[in-house]
Every structure is written in structure tokens, then in C-alpha cells.
Amino acid sequence: MLISIIMENFHLSLADILIIVGETLLVVIIGLMAARKVKRTTEGYFLASGNMPWYLIGAAFVSTSVSSEQIVGTMGAAYKGGLAIANWEWWALPTYLLMMIFFIPLYLRNKIMTVPDLLNRRFGPACGAIYSFVILIGYVFVFLPPVIYGGSITLSELTGWNQGYVMAGIVLVTASYTLLGGLSSVMWTDAIQCVMLIGGGVIFYFVALDKIPGGWDAMVAAAPERFHLYQPPSDPEAPFAGLILASFGVFLFYQSSNQVMIQRILSARSTWDGMMGLIFSGFINIVRPLVTCLLGLIVYHWLDIMQQGPSLLPDNQDRAFPVALELFAPSGLKGVILAGFFAAVMSTVSALSNSIATIFSLDVYKKFIRKNAKDRELITTGQVSGGAALLISSLVAPLVGSIGLFKYFQTGVTYMATPFISVLLMGIFWRRTSYAGAIAGLIGGVFIQIALAVSLLAADIHLHRLYVGAIAQALTMLLIAVVSLNSAPPTDEQVKPFLWRMSWIRTLEEGAKKRPWWQSIKLWLILYAIAWCYIYWRFW
């Protein structure tokens, strides 16, 4: 189960309820206001007219990647295993560097609207069709259900509200502005939701830490072994070697090749805004663990070190989030925290719904059903498909509870990620990667993953999923190379625009006006890197 919460003493005051309702209405109003200004064209609806500034891109990038299952799960994991789980929040710089050097220039220079668009142009139509089919199935059955289920059951059990009504509320409220305004509404509301989530979460962290005599230093002194980011390769939760490998695989796919994330970058008004938006999200990520997991350390110290209540170990660590709310959040702050939690759920749901609408309309409907469809028809198709996805995911969501949230989500993402990132990396770095090789990688990669998983299970070998993903990725890339060498090579015209070269970095914005020194991408990237290095030096 995701979580089993029976908080008999937990209650919300009138002030808490008014805060939750007020902040939710604020999000909806902003979304509807943004929808009124949207140009009713495909680019206007699906990519916000390519006019998004860096601060909206950065805030939306963070909001989209934080949701109910992450807040509840990482806080519980920090309670159980210590600081190492913060790697899932802090370990972003390597992946961001790869994105900034290789992927963002590729997408924006070629005016890519969707990832299937890139695959079609670099390889051929079957590749884009495979991505569209798999990612749509993945979003509807793997990504959305855990978010809807995790958000609804947590809010339901905390507040006593009926879970079905909570689930319906999440879907209907989010759909009200997402389907009407497209990406522009999604990104404006994401920015507000990011402020609510991070702002309220940081306040909550310091209020809770103030309850611990001696603060952070006392927690470290009591259990120093729990306050290290580095964990050996055999660690079951966050092996450091696995994080490094995942930077070139699962993590890179999720950030750079996953439509729901990269769509924020594709809406940038310039390459500079895309780069700066990513760096801005990196700075937000520095404080994000305070919101998503470090409270778990405080709850552990309170219950297991100070013995102020029964321990949640070994199997109830996911109760850390509601227990923290009950123990440390006064009236008013509870409302702020739950409003931020609700905002995180809405943000991810709206982002996934919008990406489903984008891919289905532009890469399925227009290419295979109505090739001559006009803008208005494509927008209507996007609205219908996005709404249908929310309905289907809501019906599937209860299944997540019977399987287990993290097993359900992580297994699905890993199996989706490996074939796609393998094909994309081979395609942008190796000229000889052929259409046949790409198809072999996309289809064969799935069978490689399954065969590898079955083989390890039969041999009773237990490897962390990040290692399994890395092995499968290496085998998939080898398969792509073998098939490519034994099939017709691509033409120069097909390869040239998408084959990475160093000049892309030296000429990020050819012809653009010269910016002042304080707007330098290098400057802010270096400052972010220094802060990141300090964190890993401090908590190594």
C-alpha cells in the first residue's frame, strides 16, 4: 500500500479549510486568466506560442516533477534510511549539464514541437509512432494513476473527506483551466503552485526543526551515520554508482526526452530562456529537499531518538508526512502545507494531461487520422483527448494501491526510458545510426529489459533497478549499432541537422543582442555548480 493513515487526532481548523479553498481558487483564476490570452493556433495552445520566459520555465520544470507520491515517499524514505534519499532531489546538475550541452540546442535550433517530431525527422515515421503510442500508454496507465491515487488517498485520510470526491475534485479542478488554456495556463499555474509548495514547505521545515532541542546539529550528533549522501554500490535505496549511471540513462530520459518535462523547454522564447530556466530550476532544487524529504529526518529524531511517540519502522515510514503535520504544524500552517500538497498534485496532473493532448493531436490525429486538420480541430482534439486521459487514469488509479505505488511507478518508468534514451543518444552522436537500427532499439530494448529481468530473477540475483537499466541500455545501444551497420545508412540531409557538434554551444544565440554580464549563462551555471559541489562536500 502507498500509505495507511488513521490520524484520530488530526483535524483542520476553519482557517486551514479557508486557506486550502482560497489558494486553490487562486490557481484556477490564474489558469483561466491565462487561457483568455492564448492564441487559438496549434503553437499557441500546445507550446504557448514559444514565448515563455526563463522564470516560468524554471518554476514549471520543478512543479511538474514534484507530486504526491514523491512528497510522501521520499519523506518516508528519509525517515527510514537517512539523508541519502536527498540524492533524488539534489543529483540534478550532471543531468542538467547533459541537457544544456546536447539536448536543448538540438531541440530549439531545429524548432522541435514534440519528441516524436524529432524521432520522425532524424530516423523515420515508425520511430515517432512508436514513441507516441508507448508514451501515451505510459502517461495514462503509469504516470497519471499514481499521482491521482497518491494525492487523493493522502488528502482523504488526512481530512476525512471521501476519496472518490477528492479524486473527482482533483481531476475536475485541474481540467477546468488545463483543457481550456493549454500549455500557457499550465505554466502560469505551475509557477504559482511552485511558490505555494516551496514557500510553505520551507516554512514548515524550519518550524518543525525548531521543535528539536539543539536543532540540526543535535540530530547529526545523535545518528551521524544517517547524514551522508554517499552510499556504497550495494545500498538498496540510493547507491551512488547507480546515480552516476542513471545520469546517462533513466534520469536523462526523464528530464530531456520525456515530453511532459521537455515541453517546458520547447516553449522558451529563446535558447537563453530555455537554458536559464533550467538553471533556475536547479537553484530551486537546492532547497527542494527541505520540502520533500528532510522532514523525515526530524520525525525520526522525534520518535526514534527522543522517543516522543511510537516508531514508524519497519513498515509504516510513509506515515512520516501526516505525522509531521500532526506533530509540528499549527492551525493555519496545516492549511498552507495541504494547499501546497494539493497544488503539487494539480501541477503534475495538468502537465501530463497537456502533454497527452499535444502528442495525441500533433503526432497521432494529424499524422494518421486527419492529415489536413486545421488548428481549431487540433485544439478540440487535444481537449477531448486530455479529458479522456484524466477519466481513464482516474478509473485505473485504485489499481495502484493494490500493486504498490513506488514499485508500480519506478518499474514502468525504467522500462519506458531505456529504449528511447538509447536511440536518441545513438542518433545525435553517431552518424551511421539508421532507421532500421532505431526501430530495433525501440522494440528490441523492451525485450532486452524483460529478458534481463527474468534472467536475474531466475538466477536469484538482486540488482538495484538503476543497474538493471544501465545494463539494458548498454545492450540496447549495442543492438542499435549492429543493426545500423547491417542496414542502409541515413542520408546526409536526414542526419546533418541532428548530429551534435561543438559549434552549437559556441553559437547558442547567433544574431541575438549581446546581454549584460549578469545575464551570462556561464555565470549562473558556475554559481549553481559551486552551491551543488558545496552540498556534496558538506554531506559526503
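Criteria and cut-off values
Residues numbered from 1 in each chain as written. Predicted model: local features only at pLDDT ≥ 70, side-chain atom pairs only at ≥ 80, totals over all residues. Heavy atoms only, no water. Phe/Tyr/Trp six-rings, centres within 6.5 Å; stacked < 30°, edge-to-face > 60°. Helix = DSSP H or I, 4+ residues; strand = E, 2+ residues; numbered from the N terminus. Buried < 20%, exposed > 50% of the residue type's maximum accessible area, 1.4 Å probe, protein only. Expected span 1.5 Å × (residues − 1). Bend = angle between axes of the 7 residues up to and from the residue. 1 Å grid on protein atoms, 1.4 Å probe; cavity = no way out; pocket = protein on both sides within 12 Å on 5 of 7 lines; lining within 4 Å. Points joined across faces, edges and corners; volume = space filled by probe spheres on them. Nonpolar A, V, L, I, M, F, W, Y, C, P; charged D, E, K, R; others polar. Patch = residues over 30% accessible without salt bridge, like charges linked within 9 Å, V, L, I, M, F, W, Y side chains within 5 Å. Areas by Shrake-Rupley, 256 points an atom, 1.4 Å probe, with all protein chains shown as cover. Salt bridge = Lys/Arg side-chain N within 4 Å of Asp/Glu carboxyl O. Axes fitted to C-alpha atoms, helices over the stretch in contact; angles between N-to-C directions. Parallel < 35°, antiparallel > 145°, perpendicular 65-115°, else oblique. Left-handed = near helix turned anticlockwise from the far one by under 90°. Contact = heavy atoms within 4.5 Å. Core = buried A, V, L, I, M, F, W, Y, C linked by side-chain atoms within 4.5 Å.

A.B. asks: Explanation requested: the packing of aromatic side chains in the structure shown.
C.D. replies: Given two aromatic rings, one states the distance between the centres and the angle between the planes to describe the pair. Taken as a whole, this structure holds 28 aromatic pairs when the rule is applied. With 4.9 Å between their ring centres and 70° between their planes, Phe 102 and Trp 500 make a pair best called edge-to-face. In this pair, Phe 102 sits in helix 6 (residues 93–109) while Trp 500 sits in the loop between helix 22 (492–495) and helix 23 (503–506), placing the two residues 398 residues apart along the sequence. In terms of burial, Phe 102 and Trp 500 fall into one category: buried. Aromatic side chains Trp 532 and Tyr 536 sit 4.7 Å apart centroid to centroid with 40° between the ring planes, which places their arrangement in the tilted category. Residue Trp 532 and its partner Tyr 536 are located together in helix 24 (residues 521–538), separated by four residues, close to a single helical turn. Classification of Trp 532 by relative accessible area gives buried; the value is 13%. A relative accessible area of 6% means that Tyr 536 is categorised as buried.

A.B. asks: Sorry, what's going on with helix 17 (residues 333–369) here?
C.D. replies: An ideal rise of 1.5 Å per residue puts 54 Å on 37 residues; helix 17 measures up with 50 Å between its terminal C-alpha atoms. The largest bend in helix 17 amounts to roughly 35° and is located at Ser 361. With respect to burial, helix 17 is a largely interior element, 31 of its 37 residues being buried.

A.B. asks: Whenever I open this one, the environment of Ile 471 confuses me. Can you help?
C.D. replies: Relative to the assigned elements, Ile 471 resides in helix 21 (residues 465–485). Taking the C-alpha atoms as reference, Ile 471 lies 27 Å from Leu 83; in sequence the two are 388 residues apart.

A.B. asks: Quick question: what am I supposed to make of empty space enclosed by the protein here?
C.D. replies: Remark: the empty space left among the atoms is shown by a probe the size of a water molecule rolled over them. All chains considered together, the criterion is met by three cavities of 30 Å³ or more. Here the largest cavity defines a volume of roughly 100 Å³. Contributing to the lining of the largest cavity are 14 residues, with Leu 197, Gly 201, Val 291, Phe 321 and Ile 337 lying nearest its centre. Taken together, the elements giving at least two residues each to the lining of the largest cavity come down to helix 4 (68–81), helix 9 (163–209) and helix 17. In terms of residue count, the dominant contributor to the lining of the largest cavity is helix 9 (five residues). Partitioning the lining of the largest cavity into residue classes produces eleven nonpolar, three polar and no charged. What lines the second largest cavity is Met 219, Ala 222, Ala 223, Arg 226, Phe 227, Leu 297, Tyr 300, His 301 and Ile 305. For the lining of the second largest cavity, the secondary structure elements donating two or more residues are helix 10 (215–222) and helix 15 (295–305). The greatest single-element share of the lining of the second largest cavity, amounting to four residues, is contributed by helix 15. Tallied by class, residues from the lining of the second largest cavity come to seven nonpolar, one polar and one charged.

A.B. asks: For this particular structure, what's the right way to read unusual backbone geometry?
C.D. replies: Most peptide bonds take the trans form, and the phi angle of most residues other than glycine is negative. One non-glycine residue with positive phi stands out, namely Lys 111, at about 50°. Its location among the elements puts Lys 111 in the loop between helix 6 and helix 7 (115–122). Residue classification places Lys 111 among the exposed residues on the basis of a relative accessible area of 68%. With a phi angle near 55°, Gln 307 is a residue other than glycine that sits in the positive phi range. Structurally, the position occupied by Gln 307 is in the loop between helix 15 and helix 16 (320–328). Residue class for Gln 307 comes out exposed when judged on its relative accessible area of 62%.

A.B. asks: Sorry, what's going on with a nonpolar patch on the surface here?
C.D. replies: Taken together, the side chains of Ile 17, Val 21, Leu 25, Ile 29, Met 33 and Trp 161 present a nonpolar region at the surface, about 560 Å² in accessible area. As for its placement among the helices and strands, Met 33 is situated in helix 1 (residues 14–36). A relative accessible area of 51% means that Met 33 is categorised as exposed.

A.B. asks: Looking at this structure, how should I read the packing of helix 16 against helix 17?
C.D. replies: How two helices sit against one another is set out by the angle between their axes and by the gap between those axes. Packing of helix 16 against helix 17 leaves a shortest axis separation of 10 Å and a crossing angle of 155°. Relative to helix 17, the element helix 16 is oriented roughly antiparallel. By crossing handedness, the relation of helix 16 to helix 17 is classed as right-handed. In this structure, helix 16 uses Phe 321, Leu 325 and Glu 326 to contact helix 17, whose residues at the interface are Lys 334, Ile 337, Leu 338 and Phe 341. Here the contact of helix 16 with helix 17 is composed, by residue class, of five nonpolar, no polar and two charged.

A.B. asks: Hey, could you run me through the nonpolar core in this one?
C.D. replies: Generally speaking, a soluble globular protein has its nonpolar side chains buried in company with each other. Judged by nonpolar contacts, the single largest core of 162 residues is most densely connected at Phe 204, Ile 298, Phe 321 and Tyr 528. For this core, the element with the most residues is helix 9, which contributes 18 residues. Sequence-distant contacts of Phe 204, defined by excluding residues within four places in its chain, comprise Leu 295, Ala 324, Leu 325, Phe 328, Ala 329, Leu 333 and Ile 337. In this structure, Tyr 45, Leu 362, Tyr 365 and Leu 378 belong to the second largest nonpolar core, which totals eight residues.

A.B. asks: Looking at this model, I keep getting lost on the pattern of salt bridges. Mind explaining?
C.D. replies: If the charged atoms of two oppositely charged side chains come close together, the side chains can form a pair. The full count for this structure, using the stated rule, is seven salt bridges. Ionic pairing is found between Asp 190 and Arg 264, a salt bridge with its closest N-O pair at 3.8 Å. Note that Asp 190 is positioned in helix 9 and Arg 264 in helix 13 (residues 259–266), a separation of 74 residues in sequence. The exposure class assigned to Asp 190 is buried, which follows from its relative accessible area of 0%. Relative accessible area serves as the criterion here: at 0%, Arg 264 is assigned to the buried category. A salt bridge links Glu 377 to Arg 370; the nearest nitrogen and oxygen atoms lie 2.9 Å apart. Looking at Glu 377, the relative accessible area reads 23%, which means it is partly exposed.

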